[in-house]
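Each chain is listed here by its residues.
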Amino acid sequence: QVAASLNYAASGMPYWSEDIGGFFRPDGQHTDRGYAALLTRWFQFGVFTPIFRVHGTNGNTELWEFGAQTQRHIVQSAIRLRYRLLPYIYSGFHRVAAEGYTMQRALAFDFPESARARTTADAFMFGPALLVAPLVSNATSRSVHLPPTPGAWR
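Every chain is numbered independently, its residues counted from 1 as its sequence is written. Thresholds applied to this predicted model are a pLDDT of at least 70 for local features of residues and 80 or more for the giving and counting of side-chain atom pairs; totals over whole chains, interfaces and linings are not thresholded and use all residues. The side-chain values count all of the structure's non-hydrogen atoms but skip hydrogen atoms and water molecules.

Draft legend 1. Summary view of the side chain of Arg-82. As for its position among the elements, Arg-82 is in helix α3 (residues 68–84). Buried within the structure, Arg-82 lacks any salt-bridge partner; its nearest side chain of opposite charge belongs to Glu-18, at an N-O separation of 8.0 Å. Polar contact is defined as a pair of N or O atoms within 3.5 Å, subject to the rule that within protein one atom must be able to donate a hydrogen and the other to accept it, and that residues adjacent in sequence are counted only when both atoms are side-chain atoms. A polar atom in the side chain of Arg-82 sits 2.6 Å from the backbone oxygen of Val-47. Setting aside chain neighbours within four positions, we find Arg-82 in contact with Gly-46, Val-47, Phe-48, Thr-49, Pro-50, Ile-51, Phe-52, Ile-89 and Phe-126. For the purposes of this entry, the term helix denotes a DSSP run of H or I that reaches at least four residues, the term strand denotes a run of E that reaches at least two, and both are numbered from the N terminus. Burial classes follow relative accessibility: with a 1.4 Å probe on protein chains only, a residue under 20% of its type's maximum area counts as buried, one over 50% as exposed, and anything between as partly exposed. Neither His nor the chain ends contribute to the count of charged residues, in which Lys and Arg are positive and Asp and Glu negative. Salt bridges are identified by distance alone: a Lys or Arg side-chain nitrogen within 4 Å of an Asp or Glu carboxyl oxygen. Between two residues, a contact is recorded if the distance between any of their heavy atoms is within 4.5 Å.

Draft legend 2. A look at the pattern of salt bridges. Counted under the stated rule, the structure contains four salt bridges. Among the ionic pairs, Asp-19 bridges to Arg-53, the shortest N-O distance being 2.7 Å. Placement of the pair is Asp-19 in the loop between α1 (2–10) and α2 (33–46) and Arg-53 in the loop between α2 and α3, with a sequence separation of 34 residues. Among the residues examined, Arg-53 registers a relative accessible area of 35% and is labelled partly exposed.

Draft legend 3. Structural detail: the packing of α2 against α3. Every angle, taken between N-to-C directions, lies between 0 and 180 degrees, and every axis is a line fitted to C-alpha atoms, over only the stretch in contact when it is a helix. Packing of α2 against α3 leaves a shortest axis separation of 9 Å and a crossing angle of 10°. Classed by the angle they form, the pair α2 and α3 counts as roughly parallel. Along the contact surface, α2 presents Arg-33, Ala-36, Leu-39, Thr-40, Phe-43, Gln-44 and Gly-46, while α3 presents Gln-69, Thr-70, His-73, Ile-74, Ser-77, Ala-78, Ile-79 and Arg-82. Gly falls in the polar group here, along with every residue not listed as nonpolar (Ala, Val, Leu, Ile, Met, Phe, Trp, Tyr, Cys, Pro) or charged (Asp, Glu, Lys, Arg). For the contact of α2 with α3, the residue count by class is six nonpolar, seven polar and two charged. When describing relative orientation, an angle under 35 degrees is termed roughly parallel and one over 145 degrees roughly antiparallel, while 65 to 115 degrees is termed roughly perpendicular and anything else oblique.

Draft legend 4. Geometry of the packing of aromatic side chains. In summary, the pairing rule links any two rings of Phe, Tyr or Trp, Trp by its six-membered ring, whose centres are within 6.5 Å, and it sorts them by plane angle into stacked for under 30 degrees, edge-to-face for over 60 and tilted for everything else. Tallied over the full model, the rule gives eight aromatic pairs. One aromatic cluster is present, built from ring pairs that chain together Phe-48, Tyr-88 and Phe-126. Only Lys NZ and Arg CZ are tested; either one counts as a charge over a ring when it is within 6 Å of the ring centre and within 35 degrees of the ring normal. Positioned above the aromatic ring of Tyr-101, the side-chain terminus of Arg-95 is 3.8 Å from the ring centre.

So this is what it looks like as C-alpha cells:
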C-alpha cells in the first residue's frame, strides 16, 4: 500500500485513497485479534494519506464492531491525530489545487540529491514538514533514513 500510494502521487493523482481495512475483508474480521492489529496499522498509515476513509465489504466497518479495545486504540493512535492535523492538511490541499502540489510525496521529490531517498519505497513526506515511516508489519520499531537537509531534523 505504501509504495502504491507514492506511485499514484508521482503520476499526478494527488487524491489517492486506500480502503482502510481492505475492501475484501476476511470472515471473522470483528473478532480476529490479528486482523485488529492489521486494521490498527492501516488506520495509522491512513492518517498520512490524502483521503482518510474506511471502506469495504463482507460486514460492517464501523469501529465499534471490532470491540472496545480496538476502537479505543484506533481512536487514540490515529483518528485524534488526523483531526489535529486538519489545518495542516487543508493548507496542503490548497497548495494541491493552486500549485499542482501533492501532499503525499516520495522522499525523492524533496531530497533528489539523496541516493537512498530515491530508492525508499516505504517512507514519505506528508506535506512539506512531516516525514512518515509507517510500520507495515508486526514490528514495534523500524529504521528510518533521514536524508540530509539544510535545516536539520527536529
